[in-house]
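# Commentary on secondary and tertiary structure
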Amino acid sequence: YSIQTTVDNENIVAFQPGTLAYDVLAGLIKYPKTLSSKYFYDAKGSKIFEQIMQLPEYYPTRCEAQILETHKQALLEMCRKDYYHLVDLGAGDAAKTRILIDHFYKNNLRFEYIPVDISPSAVQELTENLHQAYPLLPVRSVATDYFTALQWIHSQVPGRKLVLFLGSNIGNFTTEECKQFLSTIWQLLDEDDRLLTGFDLKKNANVIRNAYNDSSGITAEFNRNLLQRINIELGGNFNLDAFEFYASYDPVSGFVKSYMISTKAQQVYIEAFKRSFAFEAWETIHMENSRKFGIREIEELALACRYEVETHLFDNQQYFTDSIWKV
Ligand code: AVI
């Protein structure tokens, strides 16, 4: 189905689901308004996210790097048997995956690396960097959303695979999307295959809150960039100074929720839709969920999606886990 917005009787504009235009329109005509964090990652957004990963407050990246560093030999042994496909969902700049790539490559594992990312510029840059660093490594990159990529993998990547879903990307899904995603991957896996998913764990609530309210305001810029992207790509006129960033953490549900909040009553016009959207003072746009999990919740999720948990790998603070599942 598609959304149609009637501006006047002669001017009907139609958009397809899953496109920036469709999803922005669908989100801004709702109350409360929403935008999808999957659109954060244009070229600029991907760069800002790389800065976030360097922030002192943003611990998940460092914790997961420590996990991979500690367990890279065990993971190599796991992949030893046969020619392997290393599928990296949401690869970005693959800073963490490179710990494994480097170790596997230097130990002569015969494998192919398949990075998947929604940002074409990120995927292209990554592929070029890998070709330089590891000239003999076969790389097949895919620039699309996860669900399209999973269909592609199903038809194009036969044979044993380790599917990586690092960085707590799973926390950005709704509970529904999360189950749908894990069930789709389940259908791709055979008994020798493995899924390794990064889950950010529940911990001191202030540590979590600070990770999403960094003192240098980079996370705010990350969110604001989506408003700017709408201005550039859809002809919007969001006044970027008239929206404030706010992130909350609920230690019971484990959800960090991020918002851009209109600091005054205002109209935002978007040329692509030939219409304006009214904001009341202090009206919110929900931008992102970043869910934190308890171990019990992870195990219940695995069970609900018909997986068997093989092991949980932890960093030394137990802030994060890379959980390995099989079908
Ligand atoms: C990509 N994702 C796992 C990050 C997270 O922690 O939810 C995105 C992010 N949002 C704000 N900071 C980082």
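Residues numbered from 1 in each chain as written. Predicted model: local features only at pLDDT ≥ 70, side-chain atom pairs only at ≥ 80, totals over all residues. Heavy atoms only, no water.

### Concerning the UniProt feature "domain: Histidine-specific methyltransferase SAM-dependent" (unreviewed entry) in the chain
As a reminder, the rule being used: UniProt positions are given in the numbering used here, feature names are shortened, and annotations may be inferred rather than shown by experiment. Each helix is a run of DSSP H or I of at least 4 residues and each strand a run of E of at least 2, with the numbering of both proceeding from the N terminus.
The positions that UniProt labels "domain: Histidine-specific methyltransferase SAM-dependent" (unreviewed entry) are, in the present scheme, residues 22-326. A helix fraction of 40% and a strand fraction of 25% characterise residues 22-326, whose end C-alpha atoms lie 36 Å from each other.

### Here's the deal with helix α6 (residues 146-156)
So the rule is basically this: Relative accessibility decides the category of a residue: with a 1.4 Å probe and only protein chains considered, values under 20% of the type maximum give buried, values over 50% give exposed, and everything between is partly exposed. Directions are taken from the helix axis to each C-beta atom, and the arc is the one they span. The contact criterion used throughout is that any non-hydrogen atoms of two residues lie within 4.5 Å.
When we look at burial in α6, the residues that qualify are A149, L150 and I153. Down the axis of α6, the sector holding all buried residues measures 105 degrees, keeping them to one side. Opposite its buried face, α6 presents the exposed residues H154 and S155, each directed more than 90 degrees away. Buried residues along α6 sit in contact with β4 (84-89), β5 (111-117), β6 (142-143), β7 (161-165) and α7 (175-188).

### Digging into the sheet that holds strand β3 (residues 33-34)
Under the convention used in this document: At least two bridges found by DSSP between two strands are what make those strands a pair.
As summarised here, the arrangement of the four strands in space is β3-β13-β10-β9, forming an open sheet in which the pairing is mixed. Both edges of this open sheet fall to β3 and β9 (243-250), since each of them pairs with a single strand only. Examined bridge by bridge, strand β10 (residues 255-262) and strand β13 (residues 284-291) share seven bridges and lie antiparallel to one another. Each residue of the ladder has a partner; that of F255, found in β13, is R291.

### What about the environment of P120?
One can find P120 in helix α5 (residues 120-133). For P120, a relative accessible area of 55% gives the class exposed. On a C-alpha basis, the gap between P120 and S323 in space is 28 Å, while along the polypeptide they are 203 residues apart.

### Some thoughts on the packing of helix α2 (residues 43-52) against helix α9 (residues 218-234)
What counts is decided by this rule: Fitted lines through C-alpha atoms serve as axes, helices being fitted only where they are in contact, and the angles separating the N-to-C directions of these axes extend from 0 to 180 degrees. Comment on the angle field: the value is read as roughly parallel under 35 degrees, roughly antiparallel over 145, roughly perpendicular from 65 to 115, and oblique elsewhere. Gly is put with the polar residues, along with every residue not named as nonpolar or charged; the nonpolar set is Ala, Val, Leu, Ile, Met, Phe, Trp, Tyr, Cys and Pro, and the charged set is Asp, Glu, Lys and Arg.
α9 packs onto α2 with a crossing angle of 170 degrees between their chain directions and a minimal axis gap of 9 Å. In terms of their interaxial angle, α2 and α9 are classed as roughly antiparallel. Note on element contacts: α9 touches α2 through I218, T219, E221, F222, N225 and Q228, opposite K44, G45, I48, F49, Q51 and I52. A per-class count over the contact of α2 with α9 returns five nonpolar, five polar and two charged.

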